Each structure stands twice: as C-alpha cells, then as structure tokens.
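Okay, here's what each chain looks like letter by letter:
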Amino acid sequence: MPVATAAPETAVRQVAQVAVDARVGSHSGLFDYAVPDELIGLIEVGHRVRVPFGKRSVTGFVYALDQAPAVLELKPIEAMIDAEPVLPAVLVELAGFVASHYLVPLDEVIRAIVPPRVRAVIRRAVKRRRQSRILQKASEVTVPAAIQLERAQVAARERISVAIARQESEVFLLHGVTGSGKTEVYLALLEEVLAAEGQALVLVPEIALTPQTVGRFAARFPGRLAVLHSGLTEAERAAEWWRIRRGEADIVIGPRAAVFAPLPRLRLILIDEEESSAFKQERMPRYHAPTVARWLARRTRSVLVLGSATPSVATYNAALTGREHLLELPHRAQGRPLPPVTVVDMRKELAAQQFSPLSRELQAAIGGSLARQEQSILFLNRRGLATFVLCRDCGAVRECPHCSVALVHHASLNRLQCHYCGSSEPMPRRCPACGSRYIKSFGIGTERVEHEVRTLFPAARVVRLDRDVMKTPDAADLVFDRMVSGDADVLVGTQVVAKGLDLPRVTTVGVVNADTGLHFPDYRSSERTFSLLTQVAGRAGRGTGASQVFIQTYTPEHPAIRHARYHDYRGFYREELEIRRAYRFPPFGELIVATYEHRDEARAELEAKTAAEHLRATIALLNLGDIEVLGPSPAFVYRLKDEFRFEVTLKGNDLHRAADGLPRGRGWSLDVDPM
C-alpha cells in the first residue's frame with residue numbers, strides 16, 4: 001500500500017497594509033507590502049514607513065499586519081521612518097471606523113488626523129517662528145476665580161463622576177439654558193479626571209474657540225493645556241500635536257479636528273454646543289465630530305458629555321428615549337433671569353414707511369444702552385453691504401460667472417464678490433444686460449448695518465466682526481478685547497458674535513433679520529434658526545443690568561421664532577419632531593447624498609441619472625424596499641467654480657446595506673449624514 005505523506009506547508013511572509021500618502025483615489029486607500037526580514041518584530045501598526053509607489057517613494061502609515069503566501073509578489077517596505085509608531089493603535093482603529101462609516105479612502109482620513117508637518121517632518125523637533133495669541137493665552141498663568149457650584153450643577157457633576165470613576169462608556173446630554181454654568185461643570189469634571197491621572201478632550205465650535213474661552217481653562221489648569229486650532233501655523237500645530245503624543249498635555253481643546261488628538265489616557269470627552277453644524281467637516285473626509293467621539297468613547301471606555309442650550313433634535317430624542325442620559329440645568333447661574341425677547345414684525349415697519357434695517361424699537365433700545373454707557377450686539381448672518389444687485393428695468397441680477405449665486409456688494413471695495421469662489425468685479429454703473437442706469441443694491445449685510453448705526457448714533461464706537469474683517473488670525477480677538485475693555489459700544493457681526501462670548505456690559509441684543517436661514521432647502525433650517533436665535537439672545541443679561549433682546553422678522557408666526565421668543569426648547573422640539581417623523585428625516589431615517597460635478601452640464605445630468613438608475617436596480621436586487629432613491633436633482637448651488645452639480649439622495653435606515661451601489665470615482669463625492 002502506498003504510504004500517505006503530509007502536504008507541504010505553504011510558506012508565508014508578513015505583509016503590511018499601508019495607507020500611502022499619495023492621493024491615489026482608490027476606494028480603500030490601502031496597499032499591501034512585504035515586511036523585510038530585518039523589520040519583522042520591530043514594525044507595528046501606526047508606524048510611519050517609506051514604500052515604493054510606481055516610480056517614486058512615498059510615506060505611509062501601517063494600518064494592519066497579516067500573513068500571506070510567500071509566492072505573492074509584493075514590493076517590500078523600504079524603511080521604517082520612526083523608532084516608535086507615530087499613530088497610537090486606537091487612532092488607527094478610529095481611522096478605519098471613519099473610512100468605513102463615511103465611505104472615504106483610509107489615506108484621506110489619516111491625512112485629516114495627522115497634521116502636515118507631522119506627516120512630512122522626520123524629527124520631532126519643530127521650530128516655532130511666532131506664537132499665536134491663542135497659544136499665549138493657553139500658556140499664561142493666572143489666578144482662577146473661585147466658583148461655588150449650585151445645586152443643579154453639583155447634581156450633574158456627581159452623576160457624570162460616577163461613570164468616570166467606573167470607566168463606563170456612557171453618553172450624557174447636559175442641557176442647560178444659556179448662562180446656566182455648563183462650563184463650570186466641565187471644569188469641575190476636568191479636575192476630577194486629572195486628579196485620577198487621566199486625560200480629557202474638549203471640543204468647541206471653531207468660532208467659539210477664542211482666547212477668552214481658552215483663558216478660562218488655562219487659568220484652572222496652568223501648563224496642562226494644549227490647543228489644536230486652524231488659526232495656528234503649521235509649525236505650531238505640529239508642535240502641539242507632538243506635545244500631546246508625548247503625554248506632555250493632559251487637556252486638549254480645539255474644534256472638530258481635535259477629536260483625532262493622540263491622547264493615550266483619555267477618560268473624558270466634552271463637546272460644547274454639540275448641535276453646531278461646525279462639527280461637520282465639509283471637505284473630504286466629511287466626518288461629524290460628535291459621531292466620531294461616540295465611537296472613540298466606546299473604544300477607550302471614556303465618558304462623553306454633550307453640552308448645549310439647544311441640542312440637536314436627534315441628540316435630545318436619544319436622551320429622552322433612554323439611549324443616552326439627560327441632565328438638565330433649567331436656570332441661569334446666580335439666579336439671573338433669561339432676557340425678555342421682543343419679536344418685531346418688520347411688515348408693520350414697512351407699512352409705517354420705516355425703511356431702516358433697524359426697527360424703531362431696536363433703535364430706541366440701542367439709544368438707551370448708549371445713554372447708560374452699556375453695550376449692544378447686532379447680529380446678521382450676511383456679510384457685505386447687500387445680498388444682491390438688481391436692475392430695476394430688466395430685473396437681471398448680477399451673478400457670479402463661475403457659480404450660480406448672486407454676487408454680494410462690498411462697499412469698502414466698491415466691488416461685487418462671490419462668497420463661494422472669491423471672484424469679484426467692479427460695481428457696474430449700468431446694467432450689463434440692458435444698459436439701464438437703474439441698477440441698485442438690495443437686501444442688507446453687516447456693512448450696511450454698521451453704516452446705519454454710525455448714521456443714527458454718530459458718537460457711538462462701532463466695531464464689526466465678519467469674515468471680511470477677520471483677515472488675520474488675531475483680528476477677532478482684538479475686536480473682542482475692545483468690547484471686554486469697554487472701548488466699543490456696538491458690535492455688529494455674523495455667527496462669530498453668537499456663541500462663546502461672555503460680555504457683562506451687553507444689555508441690548510438685536511437680530512436684524514431672523515429670516516435669513518429659515519427658507520434654505522435643508523431639513524435642519526428651522527433647527528439651525530432656533531438655535532442661532534437662542535444663542536444670540538443668550539449674549540444678553542450676563543451682567544447685573546436689565547437686558548432686552550429684539551428679533552426682527554417678516555414671519556413672526558414661524559415655529560422657530562415663536563418658540564425662541566420664550567426660550568422654549570421643548571416646545572420647539574415637539575413641533576419639529578413631528579415634522580421629522582412625517583418625512584422620515586433624522587432621527588427617523590438616515591441620509592446619504594452623492595454629488596456629481598462636471599463642466600459639461602448635459603454630461604453631469606446624464607451621469608447622475610445613470611447613477612440613480614443603477615442605485616435603484618441595486619436596491620431592488622437586494623430587496624431593500626425600505627430605502628428610497630431621490631433625484632437626481634440640481635444641487636442648491638447648481639454651478640460652483642464652473643462645474644455643474646447634480647445630487648442623488650439615499651434615504652432610509654441602515655443605508656450602508658446599499659453602499660456597494662453608490663457611485664464612486666472621478667467627479668463624485670459622498671456625504672454621509674449631511675448637515
């Protein structure tokens with residue numbers, strides 16, 4: 001009988017999956033390389049390596065290590081750049097989650113996680129050329145004010161502290177009215193975490209990350225704070241990132257990108273104003289920082305605290321239904337009342353032949369504040385002198401030649417400018433379409449409001465804050481300093497004045513036009529408007545003087561305005577939730593928007609139609625009848641930088657079941673959970 005012989009074992013070798021820093025455009029962004037014998041046992045997940053890619057060498061990060069048959073012909077890794085992994089293993093896992101959930105290549109995610117100078121510089125030493133003002137504030141040593149927590153604050157802190165001590169991954173919504181002392185609860189929690197040798201992450205909307213905000217944390221925790229902010233130079237960002245990676249900072253504060261900070265002993269994540277759309281990245285990878293933070297908290301057994309006076313409908317619903325924990329601070333600290341709100345119907349102003357952008361009631365209130373040597377804030381979510389320029393003879397509106405949006409008139413430049421691509425042209429004396437001399441600016445912007453205040457109150461010291469003014473990193477801080485010192489009487493601005501400011505001298509707040517964001521083709525437009533109105537109103541009444549808020553509108557019956565008048569979040573939530581339920585918008589459904597762009601309008605439309613048909617066929621084949629395909633339809637900004645844009649929208653639950661049918665490749669972009 002023949003003797004049975006064992007089959008020879010197939011030889012294997014170690015293989016590394018590497019996310020190359022080369023913008024390769026592949027779906028995964030990962031490529032396999034053989035690990036040379038001399039690196040086996042040394043190379044780890046998170047290491048930065050040099051690998052051959054085509055005819056060149058590029059850097060990349062090791063995403064995973066595995067075994068593969070030795071017969072596979074793979075190019076070897078050329079070198080391991082650093083002795084230790086640059087990325088901690090948890091950040092590598094986090095990158096994988098973001099790539100999978102938001103349907104983007106892994107290399108794009110790692111590019112967002114690791115600052116440019118860190119990716120490019122081999123040595124850790126990064127030379128600083130200057131120090132940004134916000135870093136100076138973070139490094140100052142001051143004496144913090146003694147704060148005594150009130151009963152509701154103590155109850156909230158104690159409930160969260162239990163979860164931190166147990167290292168339980170729980171999510172808390174801290175719902176507190178404006179001025180209720182949420183920041184003091186944050187500071188008390190941070191003290192406990194640091195006392196237990198843990199670390200913490202604090203995320204705030206970028207416009208709220210001012211030296212004033214940073215200073216409150218730095219005063220309580222001198223020398224233990226790191227700041228990650230887009231206003232820093234690349235060298236400063238790299239230096240701060242290495243400080244965090246080496247464990248030299250225990251608290252990191254920053255906007256959405258700080259969620260990727262390499263904190264090895266993370267125990268607490270705080271997100272202030274969690275509803276802010278600023279936490280959604282609009283460029284690839286289009287991640288949502290609170291969603292990423294939820295994954296990170298689970299993975300690291302950290303506690304996540306979401307703070308807001310106007311939480312998102314989805315988050316509040318999760319708290320009310322028990323999926324997350326609800327803690328409430330229903331009153332302002334020190335017994336201060338919420339400011340009374342007056343809704344001004346601007347239709348009546350027009351009927352009375354009153355054409356100023358400031359109503360008679362608001363003018364009287366500003367005058368009263370000036371007489372008492374108090375301050376006022378005027379909010380308008382439009383910069384420039386006017387929103388559009390129109391010919392009164394032929395009706396033509398001057399549009400950007402590259403984007404399908406109206407040009408905005410900027411008086412200081414006497415030019416029309418596109419707020420999407422930046423192109424500009426001189427203000428025409430005659431209509432380019434018909435030659436008429438009757439061409440004029442319509443609508444109002446912050447420049448116009450500033451001019452009106454100076455005209456009505458010549459003695460008033462007026463400052464303006466919008467993107468046109470904020471041309472240097474420290475411009476906003478200098479304006480805030482003038483308000484804090486009492487060197488300015490009236491602040492006119494856009495969203496940057498709505499959040500994060502604590503100005504005790506402000507007793508009058510005016511919303512010049514509350515309707516600006518109400519009628520956007522966006523399911524969250526009402527939620528955004530209510531939140532913004534409530535936040536702006538919250539800038540008043542933070543001192544001891546009586547305060548007042550005026551909301552000017554042409555639609556006083558709108559739910560967002562009706563409920564903002566009484567600071568009534570629950571009333572707004574109940575009404576908005578029923579609308580969401582009827583249309584299956586979040587939290588009752590998910591959305592993914594696929595956008596195609598091309599210079600040829602007909603081709604853009606045809607490509608979008610083909611993709612929509614393919615997606616419907618995929619859904620039918622997989623028997624996913626609960627998922628809808630909407631469109632294609634023109635995007636809100638139909639033409640952007642000379643490219644025509646069409647959208648295909650996926651709507652339903654668990655949309656990743658249909659992910660394989662989504663269009664990919666050149667010209668396409670995907671937005672998961674758009675905001």
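Note: the structure precedes this text.
Residues numbered from 1 in each chain as written. Predicted model: local features only at pLDDT ≥ 70, side-chain atom pairs only at ≥ 80, totals over all residues. Heavy atoms only, no water.

Enquirer: What is the right way to look at the overall build of the protein in this model?
Expert: Scanning the protein from terminus to terminus reveals 18 helices and 27 strands. Taken over C-alpha atoms, the radius of gyration comes to 27 Å for the protein, in line with the 26 Å a tight globule of 675 residues would show. If you line up the protein on its principal axes, its C-alpha atoms span 110 × 65 × 50 Å. Within the protein, the proportion of its 675 residues that are buried is 54%. Expressed as a percentage of contacts within the protein between residues at least 6 apart in sequence, the contacts between residues at least 24 apart total 74%. Taken together, the 87 basic and 78 acidic charged side chains of the protein have centroids lying 4 Å from each other. (Helix = DSSP H or I, 4+ residues; strand = E, 2+ residues; numbered from the N terminus. Rg over C-alpha atoms; globule rule 2.2 N^0.38 Å. Buried < 20%, exposed > 50% of the residue type's maximum accessible area, 1.4 Å probe, protein only. Contact = heavy atoms within 4.5 Å. Lys, Arg positive; Asp, Glu negative; His and termini not counted. Charge placed at Lys NZ, Arg CZ, Asp CG, Glu CD.)

Enquirer: Explain the pattern of salt bridges here, please?
Expert: Pairs may arise between side chains of opposite charge once their charged atoms sit close together. As enumerated under the stated definition, the model contains 43 salt bridges in all. The residue Arg 157 makes a salt bridge to Glu 158 at a minimum N-O spacing of 3.9 Å. Residue Arg 157 is classed as partly exposed on the basis of its relative accessible area of 22%. Between Glu 557 and Arg 347 there is a salt bridge; the shortest N-O distance is 3.9 Å. A residue pair is termed long-range when its members are at least 10 positions apart, and Glu 557 in the loop between β23 (548-553) and α16 (559-565) and Arg 347 in helix α11 (residues 346-351) qualify at 210 residues. The network of salt bridges with shared partners includes Asp 21, Asp 107, Glu 108 and Arg 111. (Salt bridge = Lys/Arg side-chain N within 4 Å of Asp/Glu carboxyl O.)

Enquirer: What's the story with the side chain of His 47 in this structure? I'm lost.
Expert: For His 47, the position within the fold is in the loop between β2 (30-34) and β3 (48-53). Overall, His 47 belongs to the buried group, its relative accessible area being 0%. Among the polar contacts made by the side chain of His 47, one reaches the main-chain amide nitrogen of Glu 44 at a distance of 2.9 Å. Apart from the residues lying within four places of it in its own chain, the contact partners of His 47 are Leu 42, Gly 60, Phe 61, Val 62, Met 80, Asp 82, Ala 83, Glu 84, Pro 85 and Val 86. (Polar contact = N/O pair within 3.5 Å; in protein donor to acceptor, adjacent residues only side chain to side chain.)

Enquirer: For this particular structure, what's the right way to read the sheet that holds β2?
Expert: The strands making up a sheet associate through hydrogen bonds between their backbones, and the pairing can be parallel or antiparallel. Read from one edge of the open sheet, five strands run β2-β1-β4-β3-β5, paired in antiparallel fashion. Of all the strands in the sheet, just β2 and β5 (79-80) have a single pairing partner and so form its edges. (Pairing = 2+ DSSP bridges.)

Enquirer: So what exactly am I meant to see when it comes to the pairing of strand β26 (residues 643-652) here?
Expert: Put simply, side chains in a regular strand alternate between the two faces of the sheet. The element β26 is largely enclosed, with a buried count of eight among its ten residues. In this sheet, β26 lies alongside strand β24 (residues 590-598) in antiparallel orientation, the contact comprising nine bridges. Bridge pairing in β26 links Tyr 596 to Phe 646. Connecting the antiparallel pair strand β25 (residues 628-640) and β26 is a turn made up of two residues, with Lys 641 showing a positive phi of about 50°.

Enquirer: What should I look at first to understand the nonpolar core in this one?
Expert: As a rule of thumb, nonpolar side chains are buried together in soluble globular proteins. If you look at the biggest cluster of nonpolar residues, it comprises 114 residues, and the most contacted ones within it are Leu 87, Leu 201, Val 252, Ile 269, Ile 551 and Leu 650. Per-element accounting of this core gives the leading share, eight residues, to helix α1 (residues 89-101). Among the nonpolar cores identified, the runner-up in size contains 35 residues, and Ile 134, Val 185, Leu 190 and Val 202 belong to it. (Core = buried A, V, L, I, M, F, W, Y, C linked by side-chain atoms within 4.5 Å.)

Enquirer: Help me understand the environment of Thr 507 in this model?
Expert: Tracing the backbone shows Thr 507 in strand β22 (residues 506-511). In this structure, the C-alpha to C-alpha distance between Thr 507 and Ile 366, residues 141 residues apart in sequence, is 9.0 Å. Residue contacts for Thr 507: discarding those within four places in its chain leaves Ser 369, Arg 372, Glu 374, Gln 375, Ala 546, Ser 547 and Gln 548. A polar contact is formed between the side chain of Thr 507 and the side chain of Glu 374, at a distance of 2.8 Å.

Enquirer: Help me understand the packing of helix α6 (residues 182-195) against helix α7 (residues 211-220) in this model?
Expert: A packed helix pair is summarised by two numbers, namely the angle formed by the two axes and the spacing between the axes. Axis separation between α6 and α7 bottoms out at 11 Å; the angle between their running directions is 35°. Viewed along their axes, α6 and α7 form a crossing whose handedness is right-handed. The residues of α7 that touch α6, namely those facing Thr 183, Glu 184, Leu 187, Leu 190 and Glu 191, are Arg 216, Phe 217 and Arg 220. Split by residue class, the contact of α6 with α7 holds three nonpolar, one polar and four charged. (Axes fitted to C-alpha atoms, helices over the stretch in contact; angles between N-to-C directions. Left-handed = near helix turned anticlockwise from the far one by under 90°. Nonpolar A, V, L, I, M, F, W, Y, C, P; charged D, E, K, R; others polar.)

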